[in-house]
Amino acid sequence: MAAPLAVVSGGVFAARFADFSTLDTLLFALAASLLAAWGLRAPRAGAGEAACLLGLFLAGAWLADAPEREPACALPSVLARMHVELEDPVRLRGWVLRPPESLDDADRFDLALESVLEGVPACGGVRLTVNREPEDPPLRIGYGARVELLARVRYPENYDNPGAFDRIAYLRDRGIVMTGTMRRYAPIIPLEGRGGSSWTREVWRVREGLAARFEALSARAGLTPEPASLLRAMLLGDRSGLSEETKSAFERSGAYHALVVSGLHVGVAAAALIALLRLLGSSRWTAGAAGASFAGLYAMLLEGATPVSRAAWMLGLYLAASALFRHRKPLNVICAVALGFLLWKPALLADAGFQLSFLSVAAIAGIALPILEVTTEPRRRALLDIWNTDLDLHLPVEQAVRRVATRTWLEPLITALRLPTAPATWCITRSLRLLWGAAALLLVSAVLLVALAAPLAWHFQRLAATGPLTNLAVVPLVGVAVPAGLSALAINRPEPLTAAGWAANGMLAAARKGAQNLAGEWRVPPPPGWLAALAGLSLIAWTIGLAGTRKAALASGTAALAVFAVLALHPFPAQLEAGKLELTAIDVGQGEALLIGLPDQTAGLVDAGGIADFRGSVSAFDIGEEVVTPYLLSRSITRLRFLALTHPDTDHIGGATAILRNFQVDELWLGGDAFDAEYASLDTLARAQGVRVIRLVRGDERMLGGIAFQALNPARTSVLERNDLSLVLMAPYGEHELLLTGDIEAAGEALLPAQLAGVDAEVLKVSHHGSRTSSTVDLLETLRPEFALISAGSDNLYGHPHAEALERLRQAGAYVLRTDRRGLVTVLTDGRRLEVR
């Protein structure tokens, strides 16, 4: 099944670059059919096989290229036809597609539309966020309930930078066409009738019942919140209770797979069920059918997530092959199931979850297991029933010899220790088998680290060297926690959940210990396309080599490890233009993060973005981790000459912690000493990371990369307000100057003209996101900027940039570039010419 999977994948991939119309595809398919018929008559098997593969290639391309037409009733189309202004709340009617999920100060649920406004038919999903106070009870409303409500709807948006997560595609894949927000205590009016399917309604009823049972059992078992949240995520797929610190620890230690219900969890649970039924006397077929049925029901209960569905289908196909007396080849099963998924939904080929899910099991089956079969497994099997000499006659020669050698030292050891033979033998051989099992698990984890390096670097810019060691502890604990937790839910008793809680605590400790070793965690730029392809080919070659001679296996394994080393080390220069000064306003929404590319092809960063709620709370979404870091890594930037923080507002420094952790930062620039208390944690982290902390005040200068950065604000002593104490930097290069103004307002801007006399700063980073109190006439008349960059969020709550500020910029002759309208904006200069992208 490998060749069909490869050509269908090739067809899906080709559809990204070329159009495959129905007529053209049918003509090519007809040609392939004629070739196949000729191959059958000749008979020439090669021609027939080529025709079949060509047909599968065309099928993949045609399915992937099938147009997705938006129905006329789709909400965006309806609102456009009705000329609805999105500033006002819109009346929505529909049924609950996904019940509410509780957040810290809001509830979020999905609504399948039936009509909009005053009964206008509409369709599509809307993801609604209902604001509430943290102490308010969470919203309770079941799947299928029909409701009417008022919400302010919006088109979903992405952070418009290279390397950014495609949130629009993510929501569209789940049937969500728009998002919306509702005021606190806004009424949700129940309507008669039910929506959705009765089967899905029953699935949600079971899920909610299991969640309620888990909460009750957790209380009876005395579980503390952290292990309880971890078990809820592992058993029911509900990660809403996990803290950001816990998620980060598992992610950085390479054990994040334990937090999501994956093939590992399903396999462990199914294996435990099969073993129990066999112990109770069931036949192999009955036990296997029960295990496969459980996996299928579990997948449906968890809404068919790819890893769980993959595990269920593979287990079912594997057991079906056994029932039909077929050879059970794991790689064939994996390829067959992956092919089925791709034919059902070709877009999965680009999905990170699909790639990691199937590549991981393929690497275990095609690479790890063959290596284990010639390393640890013969040694483990040789220890079984060690005193049974008759068994030696039925084993391969090497294993028989190893058993004889083991007995030669085991017998005198037991005699010397004066221990009973049977219990001493059991203890020694069991300990040795556990050691070989640990070595096997370590080897499998190492193989997965190598095999998954390319997709992990491509999608998440992350590799965890501590993963194999962390998984050495985590995976066996998953083998305890999952069966024990599911048993507790099945029999409604707290005792098994207590054992699962002990395992969860062990997993938490192992993940935190692994995460502490930051030297073992890489944040790596995504590989070039050719290197990612080479990584895939090297894994295929390694799989084939392991099936051949020892020399071929060694050579192919060495090649795969060499490609992995290149992926991890990423010996490619940063994508910065030599001899040019660059200012890039990264799209971070309602915040600010400015990349400074220096003429010597090094880089710095002014501010790091962040999100502050209008009620003052800080969002759990880390702009530095999720937006700024991926963009910098997409340009192969792994070192920053400086990180300058203009002032400590969250929308400017919220991402700074992630930047200091993820990059080699030479210097941290802070303005004056007015905000020492608010910078204290960053100052401590920077010094712990070996970053030089520098305080800049008016008149100071830093020469880096051929640019003399001049600090124009704050003064050494000042009575100005918070925003007006922002660090202001000017970067001259040749005939041009860049002026970076932080969040200063009118009072702060009034101090600049005297320092800028005779300076024409052609590029102005507009202060305070273009607020009404920024971009004063005096400053603009002094600077006469050619370009004005404004970093602001689309449709932000503050109304930035303000119409008055925009008018002053227009009258000054500045060409305005806004991240809320254009996404990421770049201005470059070689000292003579200015270039805008």
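Check the entry above for the structure.
Just so you know, these numbers come straight off a predicted model, no measurement behind them. Each chain has its residues counted from 1, following the order in which its sequence is written. At least 70 in pLDDT is required for a residue's local features to be given in this predicted model, at least 80 for side-chain atom pairs to be given and counted, and no such filter applies to totals for whole chains, interfaces and linings, which use all residues. Excluded from the side-chain calculation are hydrogens and water; included are all heavy atoms of the structure.

**Student:** Can you tell me about the layout of surface pockets, naming the residues and giving the values?
**Tutor:** Two kinds of site are reported from a 1 Å grid over the protein atoms alone, namely cavities, where a 1.4 Å probe fits but cannot get out, and pockets, open sets with protein on both sides within 12 Å along at least five of seven lines, and residues are called lining when an atom falls within 4 Å of a point. Grid points are joined across faces, edges and corners, and a volume is the space filled by probe spheres set on the points. Roughly 480 Å³ of internal volume is contained in the second largest pocket. In terms of lining, the second largest pocket is formed by 21 residues, of which the most central are Leu210, Phe294, Tyr298, Leu301 and Leu486. Only α6 (198-221), α7 (225-236), α9 (263-279), α10 (284-301) and α18 (467-491) provide two or more residues apiece to the lining of the second largest pocket. Residues are sorted three ways: Asp, Glu, Lys and Arg are charged, Ala, Val, Leu, Ile, Met, Phe, Trp, Tyr, Cys and Pro are nonpolar, and all the rest, Gly among them, are polar. Here the residues of the lining of the second largest pocket sort into 19 nonpolar, one polar and one charged. Per the convention used, a helix needs a DSSP run of H or I reaching at least four residues, while a strand needs a run of E reaching at least two, with both numbered from the N terminus.

**Student:** Explain the sheet that holds strand β10 (residues 581-585) to me, using residue names and the numbers behind them.
**Tutor:** Sheet architecture is open: eight strands sit in the order β15-β14-β13-β12-β11-β10-β23-β24, paired in mixed fashion. The sheet is open, and its two borders are formed by β15 (692-696) and β24 (834-836), each paired with just one other strand. This sheet shows a mean twist of 20 degrees between the axes of neighbouring strands, independent of strand direction. Taken together, the two bridges between strand β12 (residues 603-606) and strand β13 (residues 639-645) define a ladder with parallel strand orientation. Its bridge partner lying in β13, Leu605 is registered against Leu643. Any pair of residues with heavy atoms lying within 4.5 Å of one another is described as a contacting pair. Interaxial angles span 0 to 180 degrees and are taken between N-to-C directions of axes, which are lines fitted to C-alpha atoms, for helices over the stretch in contact. Each of β13, β14 (664-671) and β15 touches helix α25 (residues 676-688); the most contacted strand, β15, lies at about 150 degrees to it. Criterion used throughout: strands pair if DSSP finds at least two bridges between them.

**Student:** So what's going on with unusual backbone geometry? Residues and values would help.
**Tutor:** In this structure, the amide linkage connecting Asn713 to the following residue, Pro714, adopts the cis form with an omega of 5 degrees. With respect to the helices and strands, the residue Pro714 is situated in the loop between β17 (707-713) and β18 (728-733). For the peptide bond that leads from His800 to Pro801, omega is -10 degrees, which places it in the cis range. In this structure, Asp607 takes a positive phi of about 70 degrees despite not being glycine. Within the secondary structure, Asp607 sits in the loop between β12 and α22 (623-634). Phi at His768 is positive, roughly 50 degrees, even though this residue is not glycine. Relative to the assigned elements, His768 resides in the loop between β20 (763-765) and α27 (777-783). Here the term buried applies to any residue with accessible area under 20% of the maximum for its type, exposed to any over 50%, and partly exposed to those in between, with areas from a 1.4 Å probe on protein chains only. Its relative accessible area of 14% is what places His768 among the buried residues.

**Student:** Got a sec to walk through the packing of aromatic side chains? Specific residues and values, please.
**Tutor:** Aromatic pairing here means that ring centres of Phe, Tyr or Trp (its six-membered ring) are within 6.5 Å. Orientation follows from the plane angle: under 30 degrees is stacked, over 60 is edge-to-face, and everything else is tilted. Using the criterion set out here, one finds 14 aromatic pairs in the structure. For the pair Phe341 and Trp344, a centre-to-centre distance of 6.3 Å together with 85 degrees between the ring planes defines the contact as edge-to-face. With Phe341 and Trp344 both in helix α12 (residues 330-344) and three residues apart, the pair spans about one turn of that helix. The interplanar angle of 70 degrees and the centroid separation of 5.5 Å between the aromatic rings of Trp669 and Phe709 together place this pair among those described as edge-to-face. One end of the pair, Trp669, is in strand β14; the other, Phe709, is in strand β17, with 40 residues separating them in the sequence. A relative accessible area of 0% means that Trp669 is categorised as buried. The exposure class of Phe709 is buried, given its relative accessible area of 2%. In this structure an aromatic cluster arises from ring pairing among Phe341, Trp344, Phe354 and Phe358. One residue, Arg207, lies across the ring of Trp204, its end atom 4.7 Å from the ring centre. Charge-over-ring placement is defined geometrically: NZ (Lys) or CZ (Arg) within 6 Å of the ring centre, and within 35 degrees of the ring normal.

**Student:** Describe in detail the nonpolar core, supporting the description with residues and values.
**Tutor:** As a rule of thumb, soluble globular proteins bury nonpolar side chains together. Definition of nonpolar core: a set of buried residues of the types Ala, Val, Leu, Ile, Met, Phe, Trp, Tyr and Cys, connected through side-chain atoms within 4.5 Å. Judged by nonpolar contacts, the single largest core of 48 residues is most densely connected at Leu230, Phe250 and Leu497. Listed by contribution, the elements that provide at least two residues to this core are α6, α7, α8 (244-252), α9, α10, α11 (306-323), α18 and α19 (495-516).

**Student:** Please set out the sheet that holds strand β21 (residues 787-790) residue by residue, giving values where relevant.
**Tutor:** Spatially, the seven strands line up as an open sheet ordered β16-β17-β18-β19-β20-β21-β22, and their pairing is mixed. Two strands close off the open sheet at either side, each with one partner strand: β16 (701-704) and β22 (815-818). Mean inter-strand twist for the sheet, computed between neighbouring axes without regard to direction, equals 20 degrees. Here three bridges tie strand β19 (residues 736-740) to β20, and the two strands are oriented parallel to one another. Counterpart to Leu740 in the pairing with β20 is Lys765.

**Student:** I'd like to hear about the side chain of Glu582, residue by residue, with values.
**Tutor:** Tracing the backbone through its elements, the reader meets Glu582 in strand β10. For Glu582, a relative accessible area of 4% translates into the label buried. Looking at Glu582, its side chain comes within polar contact range of the side chain of Arg635, at 2.7 Å. Each residue touching Glu582, except ones within four places of it in the same chain, is listed here: Leu576, Leu595, Ile596, Gly597, Arg635, Thr826, Val827 and Leu828. By the criterion applied in these results, polar contacts are pairs of N or O atoms within 3.5 Å in which, for protein atoms, one can donate a hydrogen and the other can accept it, and in which residues neighboring in sequence qualify only through two side-chain atoms.

**Student:** Now, about the pattern of salt bridges: what can you tell me, with residues and values included?
**Tutor:** By definition here, a salt bridge exists when the distance from a side-chain nitrogen of Lys or Arg to a carboxyl oxygen of Asp or Glu is within 4 Å. Counting across every chain of the model gives 45 salt bridges. The salt bridge partner of Asp173 is Lys345, with a shortest N-O separation of 2.6 Å. Here Lys345 lies in the loop between α12 and α13 (352-374) and Asp173 lies in helix α5 (residues 167-173), a separation of 172 residues in the sequence. Asp173 gets classed as partly exposed once you look at its relative accessible area, which sits at 41%. Among the residues examined, Lys345 registers a relative accessible area of 24% and is labelled partly exposed. The shortest N-O distance in the salt bridge between Glu377 and Arg380 comes to 3.3 Å. Separated by three residues within a single helix, Glu377 and Arg380 lie in helix α14 (residues 376-382), roughly one turn from each other. Note on Glu377: relative accessible area 16%, which makes it buried. A single salt-bridge network, built from bridges that share partners, covers Glu87, Arg152, Arg154 and Asp795.

**Student:** I'd like a rundown of the state of the cysteines, residues and numbers included.
**Tutor:** In plain terms, two cysteine sulfur atoms within 2.5 Å form what is called a disulfide here. Per the stated rule, a full pass over the model turns up one disulfide. There is a disulfide in this structure between Cys73 and Cys123, and the S-S distance comes to 2.0 Å. The sign of the 90 degrees torsion about the S-S bond sets the Cys73-Cys123 disulfide as right-handed. Here the residue Cys73 occupies a position in the loop between α3 (45-65) and α4 (75-81), and Cys123 occupies one in the loop between β3 (120-121) and β4 (125-131), the gap between them amounting to 50 residues. For Cys73, a relative accessible area of 29% puts it in the partly exposed group. Among the cysteines around Cys52, which has no disulfide bond, Cys335 carries the closest sulfur, lying 17 Å off.

**Student:** Report on the pairing of strand β1 (residues 90-102), specifying residues and quantitative values.
**Tutor:** Bridging between β1 and strand β5 (residues 145-154) involves six bridges; their strand directions are antiparallel. Residue pairing for β5: Arg93 is matched across the bridge by Glu148. Bridge analysis of β1 against strand β2 (residues 106-116) gives eight bridges, and the strand direction is antiparallel. Looking at the pairing, Arg98 lines up with Asp110 of β2. Between β1 and β2, which pair antiparallel one after the other, the connecting turn spans three residues.

**Student:** Go over the pairing of β14, please, and point to the residues and values.
**Tutor:** For β14, a buried count of six out of eight residues is recorded, marking the element as mostly surrounded by other parts of the structure. Alignment of β13 against β14, held across six bridges, turns out to be parallel. Counted as the bridge partner of Ala644 is Trp669 from β14. Relative to β15, β14 runs parallel, the two sharing five bridges. Its bridge partner being in β15, Leu668 is matched across the sheet by Val693. By definition, the crossover connecting two strands over a helix is right-handed if that path, from the first strand to the second, turns clockwise as seen with the strands pointing away from the viewer. Once the chain exits β14 it traverses α25 before rejoining the sheet at β15, and the crossover so formed is right-handed.

**Student:** Residue-level account of the environment of Val665, with values.
**Tutor:** Inspection of the secondary structure assignment puts Val665 in strand β14. Residues Val665 and Leu643, spaced 22 residues apart in sequence, show a C-alpha to C-alpha distance of 6.9 Å. Beyond its immediate chain neighbours, meaning those up to four positions away, Val665 contacts Leu640, Phe642, Leu643, Ile659, Leu660 and Val691.

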